[in-house]
Amino acid sequence: EDKVVQSPLSLVVHEGDTVTLNCSYEVTNFRSLLWYKQEKKAPTFLFMLTSSGIEKKSGRLSSILDKKELFSILNITATQTGDSAIYLCAVKNTGNQFYFGTGTSLTVIP
Amino acid sequence: NAGVTQTPKFQVLKTGQSMTLQCAQDMNHNSMYWYRQDPGMGLRLIYYSASEGTTDKGEVPNGYNVSRLNKREFSLRLESAAPSQTSVYFCASSERLQLTDTQYFGPGTRLTVL
């Protein structure tokens, strides 16, 4: 059975902290892994990863994929209250089907 | 360019009533999806349509039907609503391009079944 597992389920940090969110997967015919941010509305796209070891970076957010160990991490440095959201990990297979994890709920306290 | 649009935004039904959720995209994407999102459950795929004229069941298809009316529109129908179908429903679309592989989501429909 294809599945995506995220950890931790929830996280509370103080502004300025660095956080690491984890995503492991077991999906046949893997094509790509995607990270989304969801703030009380529809998910918005953050990163797409297809190759192992190549870090994607956008401001304070970065992500990397390990296709051998079947996991990805999302790092957020110098967290701000605006980073409070649910972060979703999804894996897409070659059949254009997406499998989502349950998400990590991040709360950043001022 | 509106992206993915969904109607209605909110709906309250009584058990046994039927309704159709509408979704349209203007990005010329081939693939469209319906998800439901429940607290602590993440996004679960109900049905998807890889291309116009095809539909396939996802993880939780029971109690739902879909229609891919044309390339732009993909509707989700609840024939006889049940309280277990209370959820937020998201429609999404995607295209397999060389450099980007993501899904674009609609704003969601919050459905309550009493």
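Heads up: the structure comes first, above all this text.
The sections below set out a description of the structure shown in this document. It should be emphasised that the depicted structure is a prediction, and the values quoted were computed from it without experimental measurement. (Residues numbered from 1 in each chain as written. Chains lettered and ligands numbered in written order. Predicted model: local features only at pLDDT ≥ 70, side-chain atom pairs only at ≥ 80, totals over all residues. Heavy atoms only, no water.)

**Thoughts on the overall build of chain B**
Put simply, the rule is: Strands are runs of DSSP state E lasting at least two residues, helices are runs of H or I lasting at least four, and both sets are numbered from the N terminus onward. Here the globule rule reads 2.2 Å times residues to the power 0.38, and the radius of gyration is calculated from C-alpha atoms.
A tally of helices and strands in chain B yields zero helices and eleven strands. Moving toward the C terminus, one meets the helices and strands of chain B in the order β-β-β-β-β-β-β-β-β-β-β. Against the compact-globule benchmark of 13 Å for 114 residues, chain B has a radius of gyration of 14 Å, which places it among compact chains. Projected onto its principal axes, the C-alpha coordinates of chain B cover approximately 45 × 30 × 25 Å.

**Some points on the layout of surface pockets**
What counts here: Cavity: a set of points on a 1 Å grid over the protein atoms alone where a 1.4 Å probe fits but cannot get out. Pocket: an open set with protein on both sides within 12 Å along at least five of seven lines, its lining residues, like those of a cavity, having an atom within 4 Å of a point. Grid points are joined across faces, edges and corners, and a volume is the space filled by probe spheres set on the points. Amino acids are sorted into nonpolar (Ala, Val, Leu, Ile, Met, Phe, Trp, Tyr, Cys and Pro), charged (Asp, Glu, Lys and Arg) and polar (every other residue, Gly among them).
Empty space within the largest pocket amounts to approximately 590 Å³. Forming the walls of the largest pocket are 26 residues, and the residues nearest its centre are Gln38, Lys40 and Ile86 of chain A together with Gln37 and Arg110 of chain B. Counting residues per element, the ones that place at least two in the lining of the largest pocket are strand 9 (85-93) of chain A together with strand 4 (31-38), strand 9 (87-94) and strand 11 (109-113) of chain B. Across the lining of the largest pocket, the residue classes break down as ten nonpolar, ten polar and six charged. Each pocket or cavity is described by its volume, and for the second largest pocket that value is around 350 Å³. Lining the second largest pocket are 16 residues, and of these Asp2, Lys3, Tyr99 and Phe100 of chain A together with Glu59 of chain B lie nearest its centre.

**Regarding the packing of aromatic side chains**
Just so we agree on the cut-off: A pair of Phe, Tyr and Trp rings is counted when the ring centres sit within 6.5 Å of each other, with Trp represented by its six-membered ring. The angle between the planes then sorts it: under 30 degrees is stacked, over 60 is edge-to-face, the rest tilted. Between buried and exposed lies partly exposed: a residue is buried under 20% and exposed over 50% of the maximum accessible area for its type, with that area taken using a 1.4 Å probe on protein chains only.
Inspection of every chain in the model, using the stated rule, returns twelve aromatic pairs over all chains. Taking the centre distance of 5.8 Å and the plane angle of 40° together, the rings of tyrosine 36 of chain A and phenylalanine 100 of chain A count as tilted. With tyrosine 36 of chain A in strand 4 (residues 30-38) and phenylalanine 100 of chain A in strand 10 (residues 98-100), this residue pair connects regions lying 64 residues apart in the sequence. You'll find tyrosine 36 of chain A and phenylalanine 100 of chain A in the same group, each marked buried. Judged by centre distance (5.4 Å) and plane angle (85°), the ring pair of phenylalanine 98 of chain A and tyrosine 33 of chain B falls under edge-to-face. Placement of the pair is phenylalanine 98 of chain A in strand 10 and tyrosine 33 of chain B in strand 4, with the two residues belonging to separate chains.

**Section: the pairing of strand 4 of chain A**
All names here are of chain A. Applicable threshold: Only strands joined by at least two bridges in the DSSP assignment are considered to pair.
A large share of strand 4 lies buried, amounting to eight of its nine residues. As defined by bridge partners, strand 4 adjoins strand 9 across eight bridges and the pair is classed as antiparallel. The residue of strand 9 that forms the bridge with tryptophan 35 is cysteine 89. With five bridges connecting them, strand 4 and strand 5 (residues 44-49) associate as antiparallel partners. Note that in strand 5 the partner of tyrosine 36 across the bridge is phenylalanine 45.

**Here we look at the interface of chain B and chain A**
In plain terms, the rule: Residues are treated as being in contact if the distance between any of their heavy atoms lies within 4.5 Å. Values labelled buried area give the accessible surface lost by two parts on being combined, using a 1.4 Å probe and summing over both. Counted as salt bridges are all cases of a side-chain nitrogen of Lys or Arg within 4 Å of a carboxyl oxygen of Asp or Glu. Polar contacts, as used here, are pairs of N or O atoms within 3.5 Å; protein pairs need one atom able to donate a hydrogen and one able to accept it. Residues neighboring in sequence count only if both atoms are side-chain atoms.
Of the residues lining the interface, 22 residues belong to chain B; the matching set on chain A comes to 20 residues. Buried area between chain B and chain A, both sides added, is near 1,700 Å², and the carbon and sulfur share of it is 50%. Taken together, the connections running from chain B to chain A amount to zero salt bridges. Applying the counting criterion to the chain B and chain A interface returns three residue pairs in polar contact (both at pLDDT 80 or more). Listed by contribution, the elements that provide at least two residues to the side of chain B that touches chain A are strand 4, strand 5 (42-49), strand 9 and strand 10 (103-105) of chain B. Its residues assigned to classes, the side of chain B that touches chain A shows eleven nonpolar, nine polar and two charged.

**Observations regarding unusual backbone geometry**
All names here are of chain A. Looking along the chain, the bond that leaves serine 7 and enters proline 8 is cis, with omega of -10°. The topology assignment puts proline 8 in the loop between strand 1 (3-7) and strand 2 (10-14). Of note in the backbone geometry, asparagine 29 takes a positive phi value of approximately 55° without being a glycine. The phi angle at leucine 70 is positive, at roughly 60°, despite the residue not being glycine. Within the element layout of this structure, leucine 70 appears in the loop between strand 7 (61-66) and strand 8 (71-76).

Honestly, that's just the spatial picture; any functional story needs more than this.
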